[in-house]
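Given next are the chains, with one letter for each unit.
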Amino acid sequence: MKADLLIKQISVLENGSERKKCPGLLMAKWLPSGDTILLNQAGRKLELRDNTPIDFTSYQEQLELRAEVTGKSWIEIQIISMTNFGLLGKLMVELLKLGKDKWPLPIGASLLDNISEDIKKGAPQVIAQGKSEVLSHNNIFKSLRIDLVAPEDVLGDLSGPIDPITGMPIEGQAERSILLPKDSPNGFVLIDIADSNI
C-alpha cells in the first residue's frame, strides 16, 4: 500500500537560538525499514521561531514522504537547528546522503556525529524528536499529532570570538547557555497520512 506522509504543522517551544528566528531542518523517516520501502527521502528547511506554529497548507509546501507500507510501522521525526541557512543547506545534503545508507541512526544528537567539521562549527543540534504510534498497514490513513521532546539540552547561540570573514566561531571553547533541559517537551508536528494512489 502506497502512503504519503504530509506535514501539516510544526511548532517548537525553543528553537535553539536566542534570536527570534533561526534556520532549521525537519527530518522524517518511516520505520522499520523491513516493513516499508522508502520511495522519497525526507527533509524540509524551516524558519524556526519559539512557540510559533508553521503551517503547510498547500500540497507543494507539504513534505511528501512516499512509502510502500507492507506491515506495522511508525514515523520518526527530528528537528535540527542551525546558525545560518548556508550551513543548513550543506547539512541537509549530508544528512540525506547518510539517511540512504545508515538510517535508522540512533535518535538524538548522534545523528550529527558523521557530518563534516565545517558544518559542526555552525553548531547544529537536534532540538526536538518524537515518534508516532505504531501504525497498521490496513488502518494507516489518518491524521496524527507527534509530540516532541528535547533529546539533549537545547543550547543557545555560541558566544566568543567570531571570525569577521566567515562569521563562524574561532577555534577554541565557546560558551553556550542551556535554553531547555534534556527530555523537556519541545513542541509537536501534525501530519496527515494519505493514500498516494488517489
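Residues numbered from 1 in each chain as written. Predicted model: local features only at pLDDT ≥ 70, side-chain atom pairs only at ≥ 80, totals over all residues. Heavy atoms only, no water.

Caption draft 1: Focus on the pairing of strand β9 (residues 143–149). With burial as the criterion, only one face of β9 is covered, namely that bearing Leu144, Ile146 and Leu148; the residues Ser143, Arg145, Asp147 and Val149 on the opposite face remain uncovered. As judged from the six bridges shared by β9 and strand β12 (residues 185–195), these two strands associate in the antiparallel manner. The residue of β12 that forms the bridge with Ser143 is Asp192. (Buried < 20%, exposed > 50% of the residue type's maximum accessible area, 1.4 Å probe, protein only. Helix = DSSP H or I, 4+ residues; strand = E, 2+ residues; numbered from the N terminus. Pairing = 2+ DSSP bridges.)

Caption draft 2: Highlighting the environment of Leu180. Residue position: Leu180 is located in strand β11 (residues 178–180). Taking C-alpha positions, Leu180 is 8.7 Å from Glu152, a pair spaced 28 residues apart along the chain. Beyond its immediate sequence surroundings of up to four residues, Leu180 is in contact with Glu14, Ala150, Glu152, Asp153, Val154, Pro185 and Asn186. (Contact = heavy atoms within 4.5 Å.)

Caption draft 3: Quick peek at the side chain of Glu76. Within the fold, Glu76 resides in strand β7 (residues 74–81). Buried charge without a partner: Glu76 forms no salt bridge, and the closest opposite charge is Lys131, 4.8 Å away. At 3.1 Å, the side chain of Glu76 forms a polar contact with the side chain of Trp74. (Lys, Arg positive; Asp, Glu negative; His and termini not counted. Salt bridge = Lys/Arg side-chain N within 4 Å of Asp/Glu carboxyl O. Polar contact = N/O pair within 3.5 Å; in protein donor to acceptor, adjacent residues only side chain to side chain.)

Caption draft 4: Fine view of the packing of aromatic side chains. Per the stated rule, a full pass over the model turns up zero aromatic pairs. Lying across the ring of Phe188, Arg145 places its NZ or CZ 4.2 Å from the centre. (Phe/Tyr/Trp six-rings, centres within 6.5 Å; stacked < 30°, edge-to-face > 60°. Lys NZ or Arg CZ within 6 Å of the ring centre and 35° of its normal.)

Caption draft 5: Local environment of the pattern of salt bridges. Using the criterion set out here, one finds five salt bridges in the structure. Across the pair Glu47 and Arg49 runs a salt bridge, and its minimum N-O distance is 3.3 Å. A relative accessible area of 34% places Arg49 in the partly exposed class. Between Asp147 and Arg145 there is a salt bridge whose closest N-O contact spans 2.7 Å. Each of Lys21, Glu47 and Arg49 takes part in salt bridges that share partners, so that together they form one network.

Caption draft 6: Here's a closer look at the side chain of Asn186. By the secondary structure assignment, Asn186 is in strand β12. From its side chain, Asn186 meets the backbone nitrogen of Leu13 in a polar contact 2.9 Å long. Not counting residues up to four positions away in its chain, the partners in contact with Asn186 are Ser11, Val12, Leu13, Glu14, Ile127, Ala128, Leu148, Val149, Ala150, Val154 and Leu180.

Caption draft 7: Local environment of the nonpolar core. Residues Leu26, Trp30, Ile75, Ile77, Ile79 and Val189 are the most contacted members of the largest nonpolar core, which totals 31 residues. Only β1 (2–11), β2 (21–31), β4 (43–49), β6 (64–69), β7, β8 (125–131), β9 and β12 provide two or more residues apiece to this core. (Core = buried A, V, L, I, M, F, W, Y, C linked by side-chain atoms within 4.5 Å.)

Caption draft 8: Unusual backbone geometry, seen in detail. Unlike most non-glycine residues, Asn51 shows phi in positive territory, near 50 degrees. Tracing the chain through its elements places Asn51 in the loop between β4 and β5 (54–55). Its relative accessible area of 53% is what places Asn51 among the exposed residues. One non-glycine residue, Asp183, adopts positive backbone phi at about 75 degrees. Examined against the element boundaries, Asp183 turns out to sit in the loop between β11 and β12.

Caption draft 9: Highlighting empty space enclosed by the protein. Per the stated rule, a full pass over the model turns up two cavities of 30 Å³ or more. Taken as a whole, the second largest cavity spans an internal volume of roughly 40 Å³. Lining the second largest cavity, in full, are Gly16, Arg19, Ser81, Met82, Thr83, Ala123, Gln125, Gly156, Asp157 and Arg176. Looking at the lining of the second largest cavity residue by residue, the class counts come to two nonpolar, five polar and three charged. (1 Å grid on protein atoms, 1.4 Å probe; cavity = no way out; pocket = protein on both sides within 12 Å on 5 of 7 lines; lining within 4 Å. Points joined across faces, edges and corners; volume = space filled by probe spheres on them. Nonpolar A, V, L, I, M, F, W, Y, C, P; charged D, E, K, R; others polar.)

Caption draft 10: Region of the structure containing the environment of Ser17. Along the chain, Ser17 falls in the loop between β1 and β2. For Ser17, a relative accessible area of 2% gives the class buried. Once the C-alpha coordinates of Ser17 and Thr83 are considered, the two residues, 66 residues apart in sequence, prove to be 8.0 Å apart. The residues contacting Ser17, other than those within four sequence positions of it, are Cys22, Asp157 and Leu179. A distance of 2.9 Å separates the side chain of Ser17 from the backbone nitrogen of Arg19, its partner in a polar contact.

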